[in-house]
Amino acid sequence: MTVQGLFSTRSKAAGRISSLPRIAIVGRGFSGMMAAIALMKSVRTPFHLQLFDPNSSVSGGEALASTRSSTILNTRVRDLSVATGNADDFNDWLCTNAEFRAAVPAAIPGFRQIFVPKQLFSDYVYRRFADALSARKDITVQVCHEPVVAIRRSHGDRFLLESANPANPLFDTVILATGYGLPANDIPEPEPSPIRAQRLVARPHTVLCGSGIRVVDQLLQLRDAGYTGQITIISKHGFLPQSHTPNSADPVFPADELPQDLPDIVRFIRAACRRAEEDGHSWQAVMNGLRKHARSLWRSLPARQKHQFNRHLRAIYDSHRNRLPEAMYARLRSELADGNTVLRRGTAGRRGLSGMFFRPAGSSTEEVIHAERIVDCRCRAPDLNSLLMRSLLAEGLAARDELSLGLAVNQRGELCLEGGSITDGIFAIGPLGLGSLPDIDLVPEIVSQAYAVAEAMEKRFYPRSKVV
Ligand SMILES: Cc1cc2nc3c(=O)[nH]c(=O)nc-3n(C[C@H](O)[C@H](O)[C@H](O)COP(=O)(O)OP(=O)(O)OC[C@H]3O[C@@H](n4cnc5c(N)ncnc54)[C@H](O)[C@@H]3O)c2cc1C
């Protein structure tokens, strides 16, 4: 779906752009589109919005782009609303979608508990974006198909964005929504070097690297397409996503005060899961409860323990929070039980023309795995070495978070600098804040952060004195 058609008339009619506050959104993945929706719905004053992304389609970025439109999201419909204050918005939209209604069994009255294909969620986001835009005749929107390579402060408190177009104007506010960075095909792969690999298996062999939802997605896509060869999954810590419960598990969490120390916190959570299961709840309910405490817990941990968490516990935390719909989980288990798919714990190394190097966990020597195909399904961290990130850090407009996973941000998406000050006028939403805010890479958290940013902008452009 391209965005060009939707905006061309609107931007041409923009003779008065120069007098409007100018907002730039860098990145048009889910976070960027969500920021645009929240701004159009919450900021009452007219403004000019400019959306930058070399990717011309509204695919929803990394998460929602899929080689197959039927790939399922692993979050239930009830948690995917993009409307603040209306948790049923996605469900309501699905109910009005005749094609979808016809495709699901009539016995399902509403869709709150089900998992739907990514493409459907992408269509819903696009629809809500178009609705918000058509309700705002007073704003202008422009789409730019170039990456932003640098941002500098200019003319006092305004910002100059550098892209291939030398004529970019100054912006009053910038929202960074660059997520996991530019798509991999924009980053050149190193040339593979020849590997002397012995063919150990007589039939086709594919290696999938990664531990998350993507690796399971890729595995099931291969099988659905009729691939019968051997598949090896290489996971650094050996964890794969766990299963959802049949219906959403309401959060439960002990009322006792949480301990301060990481090892004690882990013991506390394990005990809570055990107790919940004894009481007829599930460990998933405890994980859902934990998510409500995750931000204050993370804030309270000293940097040393955050590093410890990242090294030793993040993989297991991710495998329990990013869960698979039950049916997908059952397929994964049966794949592994059949032996046609093998999980190996260790580190993927250099690729060659006929395979790749692999260092098993606990071993100091590498072995070679022969494979016709190697697919990297690892989730990339935000790229702090990109030109844009380097410029923000060099200009003193942003700082790395304590773990250097992304930029230091607060819940309102403001960029936090060393010493506790914030950069007025630049926000970052979504995975860029993953080192500062647990779970900020998930749809519900991105939605609330986008509305928090929009609320801050509403205050900025529409001070209290103007309210009648
Ligand atoms: C496979 C997968 C499945 C997921 N499933 C779920 C799920 O079921 N439920 C859930 O809650 N979450 C899910 N997530 C997580 C969540 O949806 C994503 O974290 C979220 O969509 C991130 O979107 P984003 O727009 O911030 O980042 P991205 O998707 O990375 O998009 C960033 C965009 O910014 C652009 N960009 C980057 N750099 C520049 C630049 N310098 N200039 C201009 N443009 C730039 C890129 O081209 C890209 O289009 C999933 C994630 C993945 C990877």
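Structure's up top.
Rules used in this analysis
- Counting of residues starts from 1 at the beginning of each chain's written sequence and follows it residue by residue.
- Predicted model: local features are reported for residues with pLDDT of at least 70 only, side-chain atom pairs are reported and counted for 80 or more only, and whole-chain, interface and lining totals are derived from all residues.
- Calculation of side-chain values draws on the structure's entire complement of heavy atoms; hydrogens and water are dropped beforehand.
- Stacked, tilted and edge-to-face are the three classes assigned to paired rings of Phe, Tyr and Trp, where Trp is represented by its six-membered ring and a pair needs centres within 6.5 Å; plane angles under 30 degrees give stacked, over 60 edge-to-face, the rest tilted.
- Secondary structure follows DSSP: runs of H or I at least 4 residues long count as helices, runs of E at least 2 residues long count as strands, and numbering of each begins at the N terminus.
- A simple rule labels every residue: compare its accessible area, found with a 1.4 Å probe on the protein chains alone, to the largest value its type can have, and call it buried under 20%, exposed over 50%, or partly exposed in between.
- With axes taken as lines fitted to C-alpha atoms, and helix axes fitted only over the stretch in contact, angles between N-to-C directions fall between 0 and 180 degrees.
- Any angle that falls under 35 degrees is termed roughly parallel, while one over 145 is termed roughly antiparallel, one within 65 to 115 roughly perpendicular, and all others oblique.
- A clockwise turn of the near helix away from the far one marks a right-handed crossing, whereas an anticlockwise turn of less than a right angle marks a left-handed crossing.
- Working rule for contacts: check all heavy atoms of both residues, and any pair within 4.5 Å makes them a contact.
- Side-chain classes follow a simple rule in which Ala, Val, Leu, Ile, Met, Phe, Trp, Tyr, Cys and Pro form the nonpolar group, Asp, Glu, Lys and Arg form the charged group, and the remainder, Gly included, forms the polar group.
- The rule for a salt bridge is simple: a side-chain nitrogen of Lys or Arg has to be within 4 Å of a carboxyl oxygen of Asp or Glu.
- Lining residues are defined by having an atom within 4 Å of a point belonging to a cavity or pocket. Those points lie on a 1 Å grid over the protein atoms alone, cavities being sets where a 1.4 Å probe fits but cannot get out and pockets being open sets with protein on both sides within 12 Å along at least five of seven lines.
- Grid points are joined across faces, edges and corners, and a volume is the space filled by probe spheres set on the points.
- An automatic or database domain assignment provides the domain bounds reported here.
- Two strands are said to pair when DSSP picks up at least two bridges between them.

A. Molecular detail of the packing of aromatic side chains. Tallied over the entire structure, the rule returns 11 aromatic pairs. When the ring of Phe 90 is compared with that of Trp 93, the centres are 6.1 Å apart and the planes differ by 25°; the resulting orientation is stacked. One end of the pair is Phe 90 and the other is Trp 93, both in helix α4 (residues 89-95) and 3 residues apart, which spans about a single turn. For Trp 93, a relative accessible area of 11% corresponds to the buried category. Seen from their ring centres, Trp 298 and Phe 309 are 5.4 Å apart, and the 70° between their planes marks the pair as edge-to-face. With Trp 298 in helix α9 (residues 283-300) and Phe 309 in helix α10 (residues 303-321), this residue pair connects regions lying 11 residues apart in the sequence.

B. Structural view of the packing of helix α2 (residues 30-42) against helix α13 (residues 443-461). One can describe the packing of α2 onto α13 by two numbers: an axis separation of 8 Å at closest approach and a directional angle of 40°. On the basis of their axis angle, the class for α2 and α13 is oblique. As α2 packs across α13, the resulting crossing turns out to be right-handed. Only Val 443, Ile 446, Val 447, Ala 450, Tyr 451, Ala 454, Met 457 and Glu 458 of α13 make contact with α2, whose side of the interface consists of Phe 30, Ser 31, Met 34, Ala 35, Ile 37, Ala 38, Leu 39, Lys 41 and Ser 42. Looking at the contact of α2 with α13, its residues break down into 13 nonpolar, 2 polar and 2 charged.

C. Structural view of the pattern of salt bridges. One pass over the structure, following the stated rule, counts 24 salt bridges. A salt bridge links Arg 128 to Asp 89, with the shortest nitrogen-to-oxygen separation between them at 2.8 Å. Here Asp 89 lies in helix α4 and Arg 128 lies in helix α6 (residues 118-134), a separation of 39 residues in the sequence. You can call Arg 128 buried: its relative accessible area is 18%. Note that Asp 439 and Arg 291 form a salt bridge whose closest N and O atoms lie 3.2 Å from each other. You can see Asp 439 sitting in the loop between β15 (422-428) and α13 and its partner Arg 291 sitting in helix α9, a full 148 residues away along the chain. Arg 291 gets classed as partly exposed once you look at its relative accessible area, which sits at 26%. Via salt bridges that share partners, Arg 291, Asp 318, Arg 321, Asp 439, Asp 441 and Glu 445 belong to a single interconnected network.

D. Structural detail: the layout of surface pockets. There is about 570 Å³ of room inside the second largest pocket. Forming the boundary of the second largest pocket are 24 residues, of which Ile 269, Met 287, Leu 290, Phe 309 and Tyr 317 lie nearest the centre. Put simply, the parts of the chain that give the lining of the second largest pocket at least two residues each are α8 (262-278), α9 and α10. Counting residues per element, the lining of the second largest pocket draws most heavily on α10, at 8 residues. The residue makeup of the lining of the second largest pocket, split by class, is 18 nonpolar, 1 polar and 5 charged. Each of domain 1 (4-73 + 117-184 + 382-466) and domain 3 (262-321) contributes no fewer than three residues to the lining of the second largest pocket.

E. Focus on the sheet that holds strand β5 (residues 158-162). An order of β4-β5-β6 is seen for the 3 strands of this open sheet, with the pairing classed as antiparallel. Edge strands, defined here as strands with exactly one partner in the open sheet, are β4 (150-154) and β6 (170-171). Inspection of the sheet shows β5 paired to β6 by 2 bridges, in the antiparallel sense. Counted as the bridge partner of Phe 159 is Phe 171 from β6.

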